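# Coordinate analysis (summary)
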Amino acid sequence: MTEESASLNFIEQLVADDLAAGFPSEKLRFRFPPEPNGYLHIGHAASICLNFGLGEQHQAPVNLRFDDTNPAKEEQEYVDAIKRDIQWLGFQWANELYSSDYFQQLYDWALQLIKEGKAYVDEQSAEVMAAQKGTPTTPGVAGPHRDRTVQENLDLFERMKAGEFEQGSYVLRAKIDMASPNMLMRDPILYRIVKKAHHRTGTDWVIYPMYDWTHGESDYIEQISHSLCTLEFKPHRELYDWFLDQIIDPTLLRPRQREFARRNLSYTVMSKRKLLQLVESKTVTGWDDPRMPTISGLRRRGYTPESIRHFSDLSGISKRDSVTDVSLLEYCIREDLNKTATRVMAVLDPVKLVITNYPAGKTEILEAENNPEDPNSGTHELPFSGELYIEREDFKEEGGNKFFRLSLGNEVRLKSAYIIKGESVVKDTNGTILEIHCTADLDSKSGSGTEASTRKVKGTLHWVSIPHAIKAEVREYDRLFLEEAPDSHEDKNFMEFVNPDSLKVINEAYLEPFLKEASVGDKFQFQRLGYFTVDKDSTADKLVFNKTVGLRDSWAKQNPAPAPTPQASQPKPTNQGGGQDQGQRSALNEIQKIAKKYTNLSGDKLEAARTDIARLAEEVSYEELEPLFQTAAKKVGTRIGAMITLGVLLNKGQARNAEIEAFIAAGLADEDAQLVEEAKVVSSGLPK
RNA sequence: UGGCUGAUGGUGUAACUGGCAACACGUCUGAUUUUGGUUCAGAAGAGUCCAGGUUCGAGCCCUGGUCGGCCAACCA
C-alpha cells in the first residue's frame, strides 16, 4: 500500500526522526518475530503491516524470525502456517531466520556473563524463587546461591547443558538487582532445562534460553535497527537494554525496542492461548474456521489480502488500548469485493414461483452482467424458464407501500429477465405458501430495448430457474461472541459469551448453473444477499459456499428480524477492554462533564442538561462538592453546575455555612446571566 | 505503600516547533439505480478525563487529581 498518508503514525515518525537525525537509511532493518505456537491473527496483521510497511517505505530488509525458544509449545505446523499467511498477505521477507539458529552464540555469551560474575546457577524451586522475588510493591531478597563462585557456576551450567540434571531442577539467572522496582530486573532466568525435542535442533540442547535473553541478542545479531513490539513488553525494555549492554560491540549497530498497542477486534478474542482453547474445545473446527479472527480463518471466510491490509491502514497504530469495531473490517472487504466479485444469483430459502403465461417447457438463455462496477467484466449466460425459485422473504400477499418486493397485484422485475405481477398463491393446510402464481410482461425482457423493458418498477428480485438450478451447501456465519469484549470481564470467562448460533448451515441452496465450475477460493456476489466464496470442503459433486459478509441492508434495519442477532449494537453497557470508558465515573464527575458545556446549550438541550445535573446531584455529598467552589471565574459552566448541585443539597437539608454563602454571593455578582439566575434560585431556597 | 503507561465524537485515528479540533467507519436525510447494493449530495455527533496555572491564545506546556491498562510464568 503506497498511500502517501498525510500523517505518519508515531512509529513511522520515530523512524523518520532517526533518519533526520543522521541515522543512515541503509542500516534500517526490521523484523517480524512470531513464536510458532499458533496461527497468526488479525492483530498480528497490524504488526506485519507495520514492519513490512516500514521495509517497503524505506527499501529496508525485513526478516522473518521465528522466536522458537520453547520446544514445549512450538511446532513445525505453525511455522508453515505463519509463512503461508505472511506470503498470502503479500509480503516478502529478506531472510527466514530462527532464534534457535543462535543457541550456540547465546550459550557462549552466557558463559561470558558467568565469568564476569553477572550470572549464577540456582536450584531452588520455582515457588521459593518466586517468593524471594517479592511483589511489585515490595522488594525481593537474595537467594542462597546468588554468590556462588564463578568456578562453581561454570561447572553447574556445564552440567545443565550436558543433561545431568532433571527438567526444572536448575536454572541460570542473571545477577542484576533483587530490589529493582521493575520485577523483570530481579535476577531474571536466562536458561531452563527442557527435555523435549525441538522442531529444528532436535535433541542437541536440553537447556533453552528465555525470551528476554534471546530476543534482544537476536535483534543484535541480525543488526535490527528498530525492534517493534506490543505495549506489554514495555517493562522488558530495561532488561533488553541491560542484556545488550553486557555483550555489545560499540562499533556495531545497537537495536532499539519500541512499543505500540496491540489491536483488538470487537466480538472476538485475540490471544493465541484463547484461540487455541476455542480450537481444542471444538467450539470451532480449527485454526482456519471461518469464524476465527486468524488470517487463515479470514482467508477461508473469503477475505482478501488487500482488504486486510487496508483495514490495518485504516485502523492505525497508537499507544492506547482499543477495540476496533468489526464494522470497519466488514467495510474493507465489501469495498474490495464490490469492485471485483462476479455477480450471480442464488436462492437460499426457496419458494416456487410459476409464470402462468410463459409457454410450458420453454427455456431461454438470457444474458447477465458480471459486474456493473466494471464495464470490462463481460456477461455470462443465464437460463430462464416458467418455474423459478425466489427467496421466501421476497414475497408477501399484502406488501404495503414500503415493501418493494413481490405481492399480489404488484409488479417487480426479475433481475436480468422479465417484469412479473403477483396473481395468486397456493397454500398447504397449514397456510404455508407452496407456490406463487404470477404473470409476466413478455415484452419486458431485460436488454431487449422495447419500451416495456425500460419500465420502472419498484423492486427487483433475484431468482433461479428450477430445471437449471444446481444445489449447494451454504454456510452463514455470525459473530463468535455475543459480547463486544468477551475477555474483559474479571468475573466471567470469555467462553461464557460464545454465540451458540454463530454457524448456520443451509444444506440445499439453489444456484444458477454458471456456478457449476467454480473452484475453491472463488468469490462471488450472490445478488442482494452478500459475498460468498467456495470453501475447501467442496467436492466434485457438491459445492460448499461460505458467506463472507452480507451486503449493507438498509431494509433489514427498519425491520428487526424476529430473532435479532447482536448486529449493530446500540448501547454499550461496559467497555473495560477498551480502557476508553472511564469506568463508573462518579456522579460529580458526570456533572462536571455536562456543566462544562452548559453555556453552549439552549432550549431543550439546556433543560435536559439542567435536569441531568439535578438528578446526578442527588448522589453527590457536600464534601465532594465544596472544592468546586474554587472554580476559576471564567469557567462559568462548571460554576453553574456546582450551583445547581448546591441547590439540590440545600433542599435536602444541607446547612448553610460561610463557604456556601460566599459561593452564592459570587454567583449573584457574576456577569453571566444564567449563573446569576441559578444563584438567585439557590439563594431564595426554592426549588426551580 | 511501588514502577511503567495511557486518556480527543458511538468506534478507530489526525492535529508539523501552542493558532478556528480533522479523516475514516458507524448513524440519519435526500438523489440516482434492473442489487433496499454501488455511486452522489448533505446532516447530526466531541470543545479534547477533571481542576488549577503559564500565555493574547492550550488537545498540545507546568502542577495536582481522577479513571483505565501492564508488571510478581523455568511463556513469548
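Here's what I pulled together on the structure shown here.

Definitions and cut-offs
- Residues numbered from 1 in each chain as written.
- Chains lettered and ligands numbered in written order.
- Predicted model: local features only at pLDDT ≥ 70, side-chain atom pairs only at ≥ 80, totals over all residues.
- Heavy atoms only, no water.
- Core = buried A, V, L, I, M, F, W, Y, C linked by side-chain atoms within 4.5 Å.
- Buried < 20%, exposed > 50% of the residue type's maximum accessible area, 1.4 Å probe, protein only.
- Helix = DSSP H or I, 4+ residues; strand = E, 2+ residues; numbered from the N terminus.
- Contact = heavy atoms within 4.5 Å.
- Near = heavy atom within 4 Å.
- Polar contact = N/O pair within 3.5 Å; in protein donor to acceptor, adjacent residues only side chain to side chain.
- Phe/Tyr/Trp six-rings, centres within 6.5 Å; stacked < 30°, edge-to-face > 60°.
- Lys NZ or Arg CZ within 6 Å of the ring centre and 35° of its normal.
- Pairing = 2+ DSSP bridges.
- Axes fitted to C-alpha atoms, helices over the stretch in contact; angles between N-to-C directions.
- Parallel < 35°, antiparallel > 145°, perpendicular 65-115°, else oblique.
- Left-handed = near helix turned anticlockwise from the far one by under 90°.
- Nonpolar A, V, L, I, M, F, W, Y, C, P; charged D, E, K, R; others polar.
- Salt bridge = Lys/Arg side-chain N within 4 Å of Asp/Glu carboxyl O.
- Expected span 1.5 Å × (residues − 1).
- Arc of directions from axis to C-beta.

### So, the nonpolar core
Ile42, Ile48, Phe52 and Ile86 are the most contacted members of the largest nonpolar core, which has 43 residues in total. At the level of secondary structure, the elements contributing two or more residues to this core comprise helix 1 (10–20), strand 1 (30–32), helix 2 (42–58), strand 2 (62–66), helix 3 (76–89), helix 10 (295–301), helix 11 (305–315) and helix 12 (326–340). In contact with Phe52, not counting residues within four places along its chain, are Phe32, Val62, Ile86, Phe91, Gln92 and Trp93. With 37 residues, the next largest nonpolar core counts Ala110, Phe157, Val206 and Leu239 among its residues.

### A look at the protein's contact with RNA strand B
Around RNA strand B, the surrounding shell holds 79 residues, and the nearest of these are Arg320, Arg343, Ser446, Gln525 and Ala632. Counting only the atoms of RNA strand B that lie within 4 Å of the protein, the sugar and phosphate share comes to 67%. Between RNA strand B and Asp67 there is a distance of 3.3 Å, counted from a sugar or linking oxygen to a side-chain nitrogen or oxygen. Between Ser322 and RNA strand B, the recorded distance is 3.4 Å, taken from a side-chain N or O atom to a sugar or linking oxygen. Among the elements that take part in the surface near RNA strand B, helix 12 stands out by supplying four residues, more than any other.

### Concerning the packing of aromatic side chains
By the definition in use, this model includes 27 aromatic pairs. Geometrically, the ring pair formed by Tyr389 and Tyr510 is tilted, given 4.5 Å between the ring centres and 45 degrees between the ring planes. A residue pair is termed long-range when its members are at least 10 positions apart, and Tyr389 in strand 17 (residues 387–391) and Tyr510 in strand 24 (residues 503–511) qualify at 121 residues. No difference in accessibility class separates Tyr389 from Tyr510, as the two residues are buried. In textbook terms, an aromatic cluster arises when at least three aromatic residues are bridged by ring pairs, as seen for Phe103, Tyr107, Phe157, Tyr191, Trp205 and Tyr208. Lys161 extends its terminal NZ or CZ atom over the ring of Trp205, reaching a point 5.2 Å from the ring centre.

### Details of the sheet that holds strand 1
Judged by pairing direction, the sheet is parallel, and its three strands sit side by side in the order 1-2-3 without closing on themselves. Two strands lie at the open edges of the sheet, namely strand 1 and strand 3 (96–98), each paired on one side alone. For this sheet the average axis-to-axis angle between neighbouring strands, irrespective of direction, equals 35 degrees. Against the sheet, helix 7 (residues 211–222) contacts strand 1, strand 2 and strand 3, and its axis sits at roughly 145 degrees relative to strand 2.

### Notes on the packing of helix 4 (residues 103–115) against helix 7
Remark: helix 4 packs on helix 7, axes separated minimally by 11 Å, with the N-to-C direction vectors making an angle of 110 degrees. Taken together, helix 4 and helix 7 sit at an angle that is classed as roughly perpendicular. Between helix 4 and helix 7 lies a crossing whose hand is right-handed. The residues of helix 7 that touch helix 4, namely those facing Gln105, Leu106, Trp109, Ala110 and Leu113, are Trp213, Thr214, Glu217, Tyr220 and Ile221. Along the lines of polarity and charge, the residues of the contact of helix 4 with helix 7 split into seven nonpolar, two polar and one charged.

### Things to note about the pairing of strand 24
As defined by bridge partners, strand 13 (residues 346–347) adjoins strand 24 across two bridges and the pair is classed as antiparallel. When the sheet's bridge partners are listed, Ala346 is paired in strand 24 with Leu511.

### Thoughts on the pattern of salt bridges
Scanning the model with the defined rule gives 42 salt bridges in all. The salt bridge partner of Lys83 is Glu96, with a shortest N-O separation of 3.1 Å. Residue Lys83 is found in helix 3, and its partner Glu96 is found in strand 3; the two are separated by 13 residues along the sequence. Judged by relative accessible area, Glu96 falls into the partly exposed class, the value being 30%.

### Thoughts on helix 12
Given 3.6 residues per turn, any residue in an α-helix points the same way as the ones three and four places further on. Taking 1.5 Å per residue, 15 residues should reach 21 Å; helix 12 reaches 22 Å between its end C-alpha atoms and fits that length. Within the span of helix 12, buried status applies to Val326, Leu329, Cys332, Ile333, Asp336 and Leu337. Relative to the axis of helix 12, the buried residues are bounded by an arc of 125 degrees and lie together on one face. Two or three places before Ser327, at the opening of helix 12, Asp325 has a side-chain oxygen 3.0 Å from that residue's backbone nitrogen.

### Considering the side chain of Ser444
Take Ser444: it is sitting in the loop between strand 20 (433–441) and strand 21 (460–461). Looking at Ser444, the relative accessible area reads 0%, which means it is buried. Polar side-chain contacts of Ser444 include one of 2.6 Å to the backbone oxygen of Asp441.

### Points about the sheet that holds strand 26 (residues 530–534)
Taken together, seven strands build an open sheet; the order of strands is 12-25-26-27-23-24-13 and the sheet is mixed. Both edges of this open sheet fall to strand 12 (342–344) and strand 13, since each of them pairs with a single strand only. Relative to strand 26, strand 25 (residues 523–526) is paired through four bridges, and the arrangement is antiparallel. In the strand pairing of strand 26, Phe524 is matched with Phe532. The sheet strands contacting helix 12 are strand 12, strand 25, strand 26 and strand 27 (543–550), and the helix crosses strand 27 at an angle near 120 degrees.

### Examining unusual backbone geometry
The backbone of Gln59 sits at a positive phi, close to 50 degrees, despite the residue not being glycine. Along the polypeptide, Gln59 turns up in the loop between helix 2 and strand 2. Even without being glycine, Asp187 reaches a positive phi, approximately 50 degrees. Along the polypeptide, Asp187 turns up in the loop between strand 5 (171–174) and strand 6 (189–193). Since its relative accessible area comes to 1%, Asp187 is described here as buried.

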